[in-house]
Amino acid sequence: MTSAEDQLEAEATSTPSRNDVGLAFATRAIHHGYDLAGFSNSVQTPVFLTSTYGFESVAANEAAAALGGRLYAREYNPTTEILEKRLANLEGAEAGLVLASGMAAFGTLILSLLSQGDELIVHKTLYSNTLAMVEQGLPQFGIKVVAVDLSNPSNLNGAITDRTRLVFFETPINPLSRILDIAGIAEHAHSRGVKVAVDSTFASPALQRPLELGADIVIHSLTKYINGHGDALGGVILGDAKTLHLLRETGLRYLTGAALSPLSAFLILRGLKTLTLRMARHSASGLAVAQALEAHPAVAWVSYPFLGSHPDHEIARRQMSQGSGMLALGLQTGFEGARRMMDRLKLIIRAVSLGDADSLIYHPASLTRSRKSIRTDAHLPDGVGDDLMRLSVGLEDAADLIADLEQALDGI
Ligand SMILES: *Cc1c(COP(=O)(O)O)cnc(C)c1O
């Protein structure tokens, strides 16, 4: 073999020299999948800003192609590969594929695994853009979408047909923070030979690992908790090696082409180093804020999975270690009260997105109303009332956040 072939061979089979079997989650979030000896002993992962790779010979070029497209940056980048290995390890998956955004992850998953005539089962409440894709996008391609109430997993029994290819849902659900029973849904789907994919964005692998509960595929918007700093978009699909190979070879290569920028991969690797610490803080503050809101007379209801009053509290305790920083609430004064309260906030920022160091609050009904001027059929997801506000509790001091909310609520 030529030296270039030797090098490719070494790359294809390389594993980290520091064996991290037995290391805890927080340690693996900092080290897994990166061997600094292979990168000039740089302690931080280098960023490879290149769109293509040169080869010593035509034969070496051919060998790289045979290794699964190590030719061009849409399919291969060393920084991105480290992120894929680390996320797969943290989620307990065989392999991972990172993409340009959470929506790119969902699109790549569905367009690679389903064809015209196939059926997709989804839970009836979904993140607004995923809902738009399943209601408007997928039917354009002849994919039938069946919305089911998965809060009772046995509802799957009547919905699965011999064309059903996948069951997809979020838990916790955006924006309601309701919880679905991953193990129960997986059991019903598997008994009919159907795979299950879970969007676990609201929890991150620090709090919930759906594969350990029986799911087959997990997706995340990396834009949210995993990056955690509100400065990059990204998405990931995690699961078995065979499915992930297919998603890379068809989905990423030519169906969506939605590659993650290597610079974003670097930022997300940096964010990931503090994921464990951040989630502990988000969860502690999320609970404290939820309790304070629940005690306020102007508040009609609070949905936070680790409050005793939450309808899915038991399932949440079974499948999540803590509650994260996501909660939903409504006021006695409804839609108008929500708008007034939000305008009075001085610290918490009125913005979409979630999972950042900065606390963010948004009112889906107001944004849906404005979207109607662009799309007349824009509507709130099932189960989301026009009083609902979604609050992403950040990493500020919880007492400051509670004080800001209380001054905005008093006399509302
Ligand atoms: C934000 C979000 C997405 C979409 O991710 P992007 O990175 O914004 O494309 C998907 N699912 C959930 C639950 C989300 O919160």
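Conventions adopted
- Each chain has its residues counted from 1, following the order in which its sequence is written.
- Residue-level local features of this predicted model are given only where pLDDT is at least 70; pairs of side-chain atoms are given and counted only at 80 or more, and the full residue set underlies all totals for whole chains, interfaces and linings.
- Each side-chain value is derived from all of the structure's non-hydrogen atoms; neither hydrogens nor water enter the calculation.
- Working definition: a ring pair exists when centres of Phe, Tyr or Trp rings (six-membered ring for Trp) sit within 6.5 Å. Plane angles under 30 degrees give stacked, over 60 give edge-to-face, the rest tilted.
- Numbering of helices and strands runs from the N terminus, with a helix taken as a DSSP run of H or I at least four residues long and a strand as a DSSP run of E at least two residues long.
- Type-normalised accessible area, obtained with a 1.4 Å probe on protein chains alone, sets the label of each residue: buried when under 20%, exposed when over 50%, and partly exposed for intermediate values.
- Counting as a charge over the ring demands two things of the Lys NZ or Arg CZ atom: a distance within 6 Å of the ring centre and an angle within 35 degrees of the ring normal.
- Throughout, the bend at a residue refers to the angle made by two axes, fitted to the seven residues ending there and to the seven starting there.
- It only takes one pair of heavy atoms within 4.5 Å for two residues to be counted as in contact.
- Here a residue is near a molecule or strand as soon as one of its heavy atoms is found within 4 Å of it.
- In protein, a polar contact requires one atom able to donate a hydrogen and another able to accept it; more generally it is a pair of N or O atoms within 3.5 Å, and residues adjacent in sequence count only if both atoms are side-chain atoms.
- Note on areas: these come from Shrake-Rupley sampling with a 1.4 Å probe, and a residue is covered only by the protein chains present in the view.
- Under the scheme applied, nonpolar residues are Ala, Val, Leu, Ile, Met, Phe, Trp, Tyr, Cys and Pro; charged residues are Asp, Glu, Lys and Arg; polar residues are all the others, including Gly.
- A 1.4 Å probe that fits but cannot get out identifies a cavity on a 1 Å grid over protein atoms alone, an open set with protein on both sides within 12 Å along at least five of seven lines counts as a pocket, and a residue lines either if it has an atom within 4 Å of a point.
- Grid points are joined across faces, edges and corners, and a volume is the space filled by probe spheres set on the points.
- Source of the domain bounds: an automatic or database domain assignment.
- Buried area is a sum: the accessible area each of two parts loses on coming together, probed at 1.4 Å, counted once for each and added.
- Pairing between two strands requires that DSSP report at least two bridges joining them.
- All axes are obtained by fitting lines to C-alpha atoms, using only the stretch in contact for helices, and the reported angles, taken between N-to-C directions, cover 0 to 180 degrees.
- The rule for a salt bridge is simple: a side-chain nitrogen of Lys or Arg has to be within 4 Å of a carboxyl oxygen of Asp or Glu.
- By the definition adopted for this analysis, an angle is roughly parallel if under 35 degrees, roughly antiparallel if over 145, roughly perpendicular if from 65 to 115, and oblique otherwise.

Engineer: How should I be thinking about the packing of aromatic side chains in this particular structure?
Structural biologist: Two aromatic rings, taken as a pair, are described by how far apart their centres are and by the angle between their planes. Tallying each qualifying case throughout the model produces four aromatic pairs. An angle of 50° between the planes, with centres 5.7 Å apart, marks the rings of Tyr 53 and Tyr 76 as tilted. Taken together, the residues Tyr 53 in the loop between helix H2 (25-31) and helix H3 (58-66) and Tyr 76 in the loop between H3 and helix H4 (78-91) connect sequence positions 23 residues apart. Look at Tyr 76 and you get buried, because its relative accessible area is 12%. Ring pairing ties together the aromatic residues Tyr 34, Phe 39 and Phe 48, which thus form one cluster. Note that Lys 224 overlies the ring of Tyr 127, its terminal NZ or CZ placed 5.3 Å from the centroid.

Engineer: What is the right way to look at helix H9 (residues 241-255) in this model?
Structural biologist: Residue pairs three or four apart in sequence face the same way in an α-helix, which turns once every 3.6 residues. Along H9, the sharpest kink reaches roughly 30°, centred on Leu 247. Thr 243, Leu 244, Leu 247, Arg 248, Glu 249, Thr 250, Gly 251 and Leu 252 are the residues of H9 that are buried. Buried residues along H9 sit in contact with H4, strand E1 (95-99), helix H5 (102-113), strand E5 (195-199), strand E6 (217-221) and strand E7 (235-239).

Engineer: What's the story with the site of the ligand in this structure? I'm lost.
Structural biologist: Neighbouring the ligand are the residues Ser 101, Gly 102, Met 103, Tyr 127, Asn 174, Asp 199, Thr 201, Ser 221, Thr 223, Lys 224, Gly 234 and Leu 354. One of the backbone nitrogen or oxygen atoms of Met 103 is found 2.9 Å away from an oxygen atom of the ligand. Take Thr 223: an N or O atom from its side chain is 2.7 Å from an oxygen atom of the ligand. Considered on its own, the ligand offers 380 Å² of accessible surface; in the complex 92% of this is hidden by protein. Considered class by class, the residues forming the shell around the ligand number three nonpolar, seven polar and two charged.

Engineer: I would appreciate a short explanation of the layout of surface pockets in the present structure.
Structural biologist: Sizing a probe to match a water molecule and rolling it over the atoms shows the empty space that remains. Within this model, the second largest pocket holds a volume of roughly 450 Å³. Taken together, 28 residues make up the lining of the second largest pocket; nearest its centre are Tyr 127, Asn 129, Asn 174, Ser 221 and Lys 224. Only H5, helix H6 (128-140), strand E4 (164-170), E6 and helix H14 (364-371) provide two or more residues apiece to the lining of the second largest pocket. Counted by class, the lining of the second largest pocket contains twelve nonpolar, eleven polar and five charged residues. Mapped onto the domain boundaries, the lining of the second largest pocket takes at least three residues apiece from domain 1 (3-272) and domain 2 (275-410).

Engineer: Teacher, can you tell me more about the side chain of Ser 392 here?
Structural biologist: Among the secondary structure elements, Ser 392 is positioned in strand E12 (residues 389-392). Polar contacts involving the side chain of Ser 392 include one to the main-chain amide nitrogen of Gly 355, which spans 2.9 Å.

Engineer: Teacher, can you tell me more about the side chain of Asp 181 here?
Structural biologist: Inspection of the secondary structure puts Asp 181 in the loop between E4 and helix H8 (182-191). Residue classification places Asp 181 among the buried positions, given a relative accessible area of 19%. A polar contact of 3.3 Å, which involves the side chain of Asp 181, links it to the backbone nitrogen of Ala 183. Of the polar contacts made by the side chain of Asp 181, one reaches the side chain of Arg 318; its length is 3.5 Å.

Engineer: What's the story with the domain arrangement of the protein chain in this structure? I'm lost.
Structural biologist: By convention, interface size is frequently given as the accessible area that disappears when the constituent parts associate. Along its sequence, the protein chain is carved into domain 1 (3-272) and domain 2 (275-410). Taking the mean C-alpha position of each, domain 1 and domain 2 sit 27 Å from one another. The interface is formed by 38 residues belonging to domain 1 together with 40 residues belonging to domain 2. The largest contributions to the domain 1 side of the interface with domain 2 come from Ile 179, Leu 207 and Tyr 225, which together make up 25% of the buried area.

Engineer: Please explain the sheet that holds strand E2 (residues 119-123) as it appears in this structure.
Structural biologist: In a beta sheet, neighbouring strands pair by backbone hydrogen bonds and run either parallel or antiparallel. Sheet architecture is open: seven strands sit in the order E1-E7-E6-E5-E4-E2-E3, paired in mixed fashion. Two strands bound the open sheet, and with one partner strand each, they are E1 and strand E3 (144-148). Ignoring strand direction, the axes of neighbouring strands in this sheet form an average angle of 20°. As paired elements, E1 and E7 share five bridges and run antiparallel to each other.

Engineer: Is there a simple way to explain the environment of Pro 311 in this structure?
Structural biologist: With respect to the helices, strands and loops of the structure, Pro 311 is situated in the loop between strand E8 (299-303) and helix H12 (313-319). Judged by relative accessible area, Pro 311 falls into the exposed class, the value being 58%. Linking Pro 311 and Arg 178, residues 133 residues apart in sequence, is a C-alpha distance of 7.8 Å.

Engineer: Looking at this structure, how should I read the pairing of E6?
Structural biologist: Of all five residues making up E6, five are buried, and the element is well covered by its neighbours. Burial along E6 is two-sided: Ile 217, Ile 219 and Ser 221 facing one way and Val 218 and His 220 facing the other are all buried.

Engineer: What's the story with the pattern of salt bridges in this structure? I'm lost.
Structural biologist: Pairs can form between side chains of opposite charge whenever their charged atoms are close. In this structure the tally under the stated criterion is 13 salt bridges. Between Asp 118 and Arg 163 there is a salt bridge, and its shortest N-O distance comes to 3.0 Å. One end of the pair, Asp 118, is in the loop between H5 and E2; the other, Arg 163, is in the loop between helix H7 (156-159) and E4, with 45 residues separating them in the sequence. With relative accessibility at 34%, the residue Arg 163 sits in the partly exposed group.

Engineer: Explain the packing of H5 against H9 to me, please; I cannot follow it from the model alone.
Structural biologist: It is at 9 Å that the axes of H5 and H9 come closest, and there the two elements cross at 105°. What the angle tells us is that H5 and H9 run roughly perpendicular. Contacts between H5 and H9 involve Thr 108, Leu 109, Leu 111, Ser 112 and Leu 113 on the former and, on the latter, Thr 243, Leu 246, Leu 247, Thr 250, Gly 251, Leu 252 and Leu 255.

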